[in-house]
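Analysis of the macromolecular model
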Amino acid sequence: MEGICCRLKDEYGDKRDWREIAFYVCKDNNKKDGWVYLGEKINVRLHVPVEAK
């Protein structure tokens, strides 16, 4: 879970700590153990900053 959250956090510019993102991933996907298995689909909510033009 750490690798997924860190990669998406960096890719989309979410300023939160990866542990906070992982907490909500577990909560939103009803995961008790925090493990993501091969082929499993999960929802990840990120706070993506909007760039001002």
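Okay, so let's go over this structure.

With that settled, consider the overall build of the chain. Helix and strand counts for the chain stand at two helices and zero strands. Viewed in the frame of its principal axes, the chain has a C-alpha envelope of about 40 × 20 × 15 Å. Going through the 53 residues of the chain one by one, you find that 23% of them count as buried. A fraction of 42% describes how many contacts in the chain between residues 6 or more apart in sequence connect residues 24 or more apart. On the chain, the mean spot of the 11 positive side-chain charges and the mean spot of the 10 negative ones are 3 Å from each other.

Attention shifts here to unusual backbone geometry. Trans is the prevailing form of peptide bonds, just as negative phi is the prevailing case for residues other than glycine. Phi is positive for Asn 30, close to 50°, though the residue is something other than glycine. Turning to its location among the elements, Asn 30 is positioned in the segment after α2 (18–28). Of the residues examined, Asn 30 reaches a relative accessible area of 67% and is grouped as exposed.

Cut-offs applied
- Residues numbered from 1 in each chain as written.
- Predicted model: local features only at pLDDT ≥ 70, side-chain atom pairs only at ≥ 80, totals over all residues.
- Heavy atoms only, no water.
- Helix = DSSP H or I, 4+ residues; strand = E, 2+ residues; numbered from the N terminus.
- Buried < 20%, exposed > 50% of the residue type's maximum accessible area, 1.4 Å probe, protein only.
- Contact = heavy atoms within 4.5 Å.
- Lys, Arg positive; Asp, Glu negative; His and termini not counted.
- Charge placed at Lys NZ, Arg CZ, Asp CG, Glu CD.

These figures capture arrangement, not role.
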